[in-house]
Amino acid sequence: MAQNITMEDFEALLAESFEIDTPQEGSVVKGKVIAIEAGQAIIDVGYKMEGRVELKEFTNPGEAPSIAVGDEVEVFLDRVENARGEAVISRDKARREEAWDRLEKAYAAEERVDGAIFGRVKGGFTVDLGGAVAFLPGSQVDVRPVRDAGPLMGLKQPFQILKMDRRRGNIVVSRRAILEESRAEQRAEVIGNLTEGQAVEGVVKNITEYGAFVDLGGVDGLLHVTDMAWRRVNHPSEILTIGESINVQVIKINKETHRISLGMKQLQDDPWDAVEAKFALETVHMGRVTNITDYGAFVELEPGVEGLVHVSEMSWTKKNVHPGKIVSTSQEVEVMVLEIDSSKRRVSLGLKQTQRNPWEVFAESHPEGTQVEGEVKNITEFGLFVGLPGDIDGMVHLSDLSWEERGEEAIQNFRKADVVKAVVTEVDVEKERISLSIKALDDSFSGAVEGVKRGSIVTVTVTAIEEGGVEVEYEGAKSFIRRSDLARDRADQRPERFNVGDKLDVRVTNVDQKTRRLGLSIKAREIAEEKEAVEQYGSSASGASLGDILGAALKTED
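Residues numbered from 1 in each chain as written. Predicted model: local features only at pLDDT ≥ 70, side-chain atom pairs only at ≥ 80, totals over all residues. Heavy atoms only, no water.

Caption draft 1: Looking closely at the overall build of the protein. Helices and strands together make up the secondary structure of the protein, namely nine helices and 30 strands. A burial count over the protein gives 35% of its 558 residues as buried. Across the protein, the fraction of contacts at a sequence separation of at least 24, relative to all contacts at a separation of at least 6, is 57%. For the protein, the computed accessible surface area is about 33,300 Å², with 47% contributed by carbon and sulfur atoms. (Helix = DSSP H or I, 4+ residues; strand = E, 2+ residues; numbered from the N terminus. Buried < 20%, exposed > 50% of the residue type's maximum accessible area, 1.4 Å probe, protein only. Contact = heavy atoms within 4.5 Å. Areas by Shrake-Rupley, 256 points an atom, 1.4 Å probe, with all protein chains shown as cover.)

Caption draft 2: How the structure looks around unusual backbone geometry. Although it is not a glycine, Ser330 adopts a positive phi angle of roughly 75°. Mapping Ser330 onto the fold places it in the loop between strand 18 (305–310) and strand 19 (332–341). Here Ser330 falls in the partly exposed class, since its relative accessible area comes to 46%. A positive phi is found at Glu432, a non-glycine position, where the angle reads about 55°. Mapped onto the elements, Glu432 comes out in the loop between strand 24 (419–428) and strand 25 (433–437).

Caption draft 3: Local environment of the environment of Gly469. As for its placement among the helices and strands, Gly469 is situated in strand 27 (residues 469–474). Through-space distance from the C-alpha of Gly469 to that of Arg482 is 4.4 Å; in sequence the pair is 13 residues apart. Residues within four places of Gly469 in sequence aside, it is in contact with Phe480, Ile481, Arg482, Arg483, Leu486 and Pro495.

Caption draft 4: Local environment of the nonpolar core. Leu216 and Leu223 are the most contacted members of the largest nonpolar core, which has 22 residues in total. The set of elements that each furnish at least two residues to this core consists of helix 3 (176–192), strand 11 (199–207), strand 12 (211–215), strand 14 (245–254) and strand 15 (259–263). Per element, the largest residue contribution to this core is four residues, and it comes from strand 14. Ignoring any residue separated from it by four or fewer positions in sequence, one finds Leu216 in contact with Val190, Leu194, Val200, Glu201, Gly202, Val248, Ile260 and Leu262. By size, the runner-up hydrophobic cluster in this structure holds 21 residues, among which are Val386, Val396, Ile411 and Ile434. (Core = buried A, V, L, I, M, F, W, Y, C linked by side-chain atoms within 4.5 Å.)

Caption draft 5: Local environment of the layout of surface pockets. Taken as a whole, the largest pocket spans an internal volume of roughly 560 Å³. Residue lining of the largest pocket: 25 residues in total, with Arg232, Trp272, Phe298, Glu306 and Arg345 positioned closest to the centre. The set of elements that each furnish at least two residues to the lining of the largest pocket consists of strand 18, strand 19 and strand 20 (346–350). At five residues, strand 18 tops the list of elements feeding residues into the lining of the largest pocket. Class assignment for the residues of the lining of the largest pocket results in 11 nonpolar, five polar and nine charged. Two domains share the lining of the largest pocket, each providing at least three of its residues, namely domain 3 (197–267) and domain 4 (271–350). (1 Å grid on protein atoms, 1.4 Å probe; cavity = no way out; pocket = protein on both sides within 12 Å on 5 of 7 lines; lining within 4 Å. Points joined across faces, edges and corners; volume = space filled by probe spheres on them. Nonpolar A, V, L, I, M, F, W, Y, C, P; charged D, E, K, R; others polar. Domains from an automatic or database assignment.)

In structure tokens, the structure reads:
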């Protein structure tokens, strides 16, 4: 029995047939290449539709186009028909959709994806991940900063996806993560084959101020500057160059951080083993100044053996002076070995010990009483410091400046840089002290009183009358007779009974060379004369009066 088809059924079937025969716009469809012309591939996508795709859309970065007539390809259908009656299709968009599906699976599984760097953008590079474009930040290109990324462009290589956002079309990848992973595997393998104390060969990879990084075949070790040589090394570049092959010893391996410490000097003989035999105490050696500090200078006796000349052992005369004022870096100097401590690897050296003590030399060449000449170096409240031969100073105390003036007054007559003469009065080598006297230059007193002894009777001239006595002069030497020494009788002990210019006979009671003073007394002379008269002319006990005795004595003298 025939079935009647209504108009509504026919329209529904017609609409269904259009849906089946016409592909949906915005989806990926399969097509066949039917021709290649003018740099384009003509593709039959079925449904009695053809479209055109630029050949470059079939090219992966770093690869040649691989498309031929008859190839089946997937393309993205933008629109069913354009102005020329063709389908608008795109291979790029098809690849992108396909790539996003594939990349999301890889990202979820934390798998690597292949891609190629094809462009440079601000802050990094663009990477083609088989249809999807990703961003590679500059910091993620390599484990170390890359100056020239040219050799990496267009090269197919693995990447790690760090972040994905399909809605925004963002993908961020890293090449560094792949390198670090493979490097960590390689590093673990190399470290596993190393043992502490082992000697290995490596290549100098990088040089810094504190040492050098040495490649041991996939793993780097640090060779610190202090482990390069037994001698002092100021900068690693003095003995190493980048790319140089060197033999090193593994000093320490940190299993947790995988850090390796290396040494070069450990493969050489330690010069300290022979220091005590080679540099005996109090022996003198030539050395080179390697470093100068506030507290002294380091002197290299031989490669690997340095000693310290403490600032106190640098100069006999230059005290409180910076070592840099006495020696300079790289200067060759003669030093004496003062002390050796092999356990602490220390040698104490002396610079001044190689020269004679200037105070000893001065004492030998300038005995007490020697006259010297020098420049006034300094003036203090207690005297003058005078420069002497051997770069040393002598001191003239206030009391040794003048016979006539008090020290405080006499020092006013001197100025810094004045050249003065003085006499050496004492040299104390141990205390490094030299005493000088300027007033000792005036020897007139000794000449004046030569032959004058205690008890002598001399004639003096009155030069001044004072309340306490009279000032007199003998052969240019001044002296003073006190009131009590002016006469035997108390009534005659009056200074005013004398006049300036009077000649007086006096008895010498004391000769003091140090103070340049003569002790004089008229009273002592009178007593002595009386005693002598008594002894010569009789005793008052026998009945003669003192007046008779003195009268007889005076008559005899007349």
